[in-house]
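Examining the three-dimensional arrangement
Below are the chains, spelled out letter by letter.
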Amino acid sequence: MSIIALAAAAAATCTALLGPPIDPARPYKQTGEFELVKDYTFGRGRKDATIDSRARLDQEFFYRYIYENGKLDGLKTYWSYHRDYPDGDPRSLHVFDDCTLTLKGRIPPGGGLKPRGLESGMLRGKLPVTDGMYIEMRAKLPTGIGAWPAFWLNPGVQYPDGKFSELPWPPEIDIFEFFNWQGRPETRVMTGYIQTHGKPERYGNPKDLWTKFKKNEYVPGFDFSKDFHVFSLDWVKDQPIWLLDGEPIKQTHYVWSKPVPAHLLVTNQLGMVLKGVDVSAMRADESQWNYVIDYIRVWRRKP
C-alpha cells in the first residue's frame, strides 16, 4: 500500500474513532478570540498530530512528580507508581497508536493489587500555566473499581536548566477526578474543586459562585470510559470556570496568591489509600486501566 493510501486509511480510522478533528484555533464550542499557546495532539498517523513519537513527548512532558528533584514516582494515596519505559518496550506505559496516546496501567512481575503493586503512566507538563489561560483535554477514561483518573494543576515549575521554582502546596486545582470505589464500578461521578487541604484560612477560601455539582459531585448520566469527552478549565483570574464538553458546569471565586505558576498533570492513578474507601472489589484487569488521550491544548484569551 502506498504512503498516501496508508495516510488516508489512518485518517479514516481516526475519524471513525474520534469524529471530525476539532479546530485548535479556539477552545471547544467557545467564541471570542484566543491565542493558541500549546497544542499537544497525539497520534502516529493523523495529519493534525503535533506529538507523534516518544521523542516529541519527551520534549513537552516529564513522567514523575515535581518533588524529590522531579523523581517522585507516586503518592501515598494510591497503589500504582509511575515509570517511563523506552518507546517500543513491551512494558511501555505511554503508548501511541495512529490516533491517540494511551497512559497504560499494568501489573508488573511480582506485583498485584497492593501498594506499589501496579504501574501506570502519567504526564507532567513543562509549560508554566497561569491564570488567564484556558486548559483543555479530550480523553476517554479508565474504568473499574480502584480507577482514579485525574487532570489537575499543581504549583511550581521545573526550568529548562533542571532547576526548580519554589514548590508550595496546597493549593491545587483539580479540573477533574473520578473516584471509582465501592458501589461505583463505572466512571460516572466527576469531582472538580480547589484543594486547600482543609486549611482555607491559610491557603485561600474557594467559594462557588454557581455550580451544577451536588456535594462536590457532578453526575451527567453517562460513563466517561465509553467515549471521548472534552474537559476544560477557563482560568479566569480569581474566578475559574469548569467546563464539560464545552458547557460551563461550575465557577468558583479563588485568588491564586502563590508567587509561582502551576504545571499540568494527567495522572492514571490506580488503587486508593483514602480514609473510608474500600477497594477490595478491585479486579486485576489491565484492559480497564487505559487512559486514552486525543489532545491537550492551552490557549490565552486575547484582550
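Please refer to the structure placed before this passage.
The following paragraphs examine the structure supplied in this document. This structure is a prediction, so every number in the text was calculated from the model and none was measured.

Details of the pairing of strand β16 (residues 247-253)
One ladder, built from 4 bridges, connects strand β13 (residues 207-211) with β16; its direction is antiparallel. Paired with Asp208 across the bridge in β16 is Thr252. Taken together, the 4 bridges between strand β15 (residues 241-244) and β16 define a ladder with antiparallel strand orientation. Counted as the bridge partner of Trp242 is Lys250 from β16. The antiparallel hairpin formed by β15 and β16 contains 2 residues in its connecting segment, where Asp245 sits at a positive phi of about 50°.

Side note on the sheet that holds strand β3 (residues 81-82)
One open sheet accounts for 3 strands, arranged β3-β7-β6; its pairing is mixed. The open sheet has two edge strands with one neighbour each: β3 and β6 (105-106). Of the strand pairs in this sheet, β3 and strand β7 (residues 119-120) are connected by 2 bridges, and their pairing is parallel. Directly across from Tyr81, in β7, lies its bridge partner Glu119.

A closer look at the state of the cysteines
This structure, assessed with the given rule, holds 1 disulfide. The residue that forms a disulfide with Cys14 is Cys99, at a sulfur-sulfur distance of 2.2 Å. Every disulfide takes its handedness from the sign of the S-S torsion; for Cys14 and Cys99 that torsion is -95°, giving left-handed. Of this pair, Cys14 sits in helix α1 (residues 3-18) while Cys99 is found in the loop between β4 (94-96) and β5 (101-103), placing the two residues 85 residues apart along the sequence. Residue class for Cys99 comes out buried when judged on its relative accessible area of 2%.

Describing the packing of aromatic side chains
Within this structure, the stated rule accounts for 15 aromatic pairs. With centroids separated by 5.6 Å and ring planes inclined at 40°, the aromatic side chains of Phe213 and Tyr218 adopt a geometry described as tilted. Comparing Phe213 with Tyr218 shows no difference in burial state: the two are buried. Ring centres 4.8 Å apart and planes at 55° place the aromatic pair Phe222 and Phe224 in the tilted group. In this structure Phe222 comes out as partly exposed when scored by relative accessible area, which is 28%. By relative accessible area, which is 0% here, Phe224 ends up buried. These aromatic residues form a ring-pair network of at least three members: Phe151, Phe176, Phe178, Phe222, Phe224 and Phe231. Across the ring face of Phe213, the terminal group of Lys250 is positioned such that the distance to the ring centre comes to 5.0 Å.

Focus on the sheet that holds strand β12 (residues 190-195)
Taken together, 6 strands build an open sheet; the order of strands is β2-β8-β17-β10-β11-β12 and the sheet is antiparallel. Edge positions in the open sheet fall to β2 (61-62) and β12, since each of these has one partner strand only.

Topic: the pattern of salt bridges
On inspection of all chains with the given rule, the structure shows 20 salt bridges. Residue Arg54 pairs with Asp84 through a salt bridge whose shortest N-O separation is 3.9 Å. Highlighted residues: Arg54 in helix α2 (residues 54-60) and Asp84 in the loop between β3 and β4, separated in sequence by 30 residues. Residue classification places Arg54 among the buried positions, given a relative accessible area of 7%.

Notes on the pairing of strand β10 (residues 147-155)
Of all 9 residues making up β10, 9 are buried, and the element is well covered by its neighbours. Here β10 shows a buried face lined by Ala147, Pro149, Phe151, Leu153 and Pro155 and a second buried face lined by Trp148, Ala150, Trp152 and Asn154. As defined by bridge partners, β10 adjoins strand β17 (residues 262-270) across 9 bridges and the pair is classed as antiparallel. By the bridge assignment, Ala150 is partnered in β17 with Thr267. The sheet contact formed by β10 and strand β11 (residues 172-178) spans 4 bridges and is antiparallel.

Let's talk about the side chain of Ser80
With respect to the secondary-structure elements, Ser80 resides in the loop between α3 (67-70) and β3. Here the side chain of Ser80 touches Ser120 through a polar contact of 3.0 Å, side chain to side chain. Of note is the side chain of Ser80, whose polar atom sits 3.1 Å from the backbone nitrogen of Leu270. Those residues within four positions of Ser80 in sequence are excluded, and the remaining contacts are Gly74, Leu118, Glu119, Ser120, Asn268, Gln269 and Leu270.

Things to note about unusual backbone geometry
Of the consecutive residues Trp169 and Pro170, the connecting peptide bond is found in the cis state with omega at -10°. Inspection of the secondary structure assignment puts Pro170 in the loop between β10 and β11. For the peptide bond that leads from Pro170 to Pro171, omega is 15°, which places it in the cis range. In this fold, Pro171 is placed in the loop between β10 and β11. Positive phi is not limited to glycine here, since Asp245 has a value of about 50°. Looking at the secondary structure, you find Asp245 in the loop between β15 and β16.

Calculation rules
Residues numbered from 1 in each chain as written. Predicted model: local features only at pLDDT ≥ 70, side-chain atom pairs only at ≥ 80, totals over all residues. Heavy atoms only, no water. Pairing = 2+ DSSP bridges. Helix = DSSP H or I, 4+ residues; strand = E, 2+ residues; numbered from the N terminus. Disulfide = S-S within 2.5 Å. Buried < 20%, exposed > 50% of the residue type's maximum accessible area, 1.4 Å probe, protein only. Phe/Tyr/Trp six-rings, centres within 6.5 Å; stacked < 30°, edge-to-face > 60°. Lys NZ or Arg CZ within 6 Å of the ring centre and 35° of its normal. Salt bridge = Lys/Arg side-chain N within 4 Å of Asp/Glu carboxyl O. Polar contact = N/O pair within 3.5 Å; in protein donor to acceptor, adjacent residues only side chain to side chain. Contact = heavy atoms within 4.5 Å.

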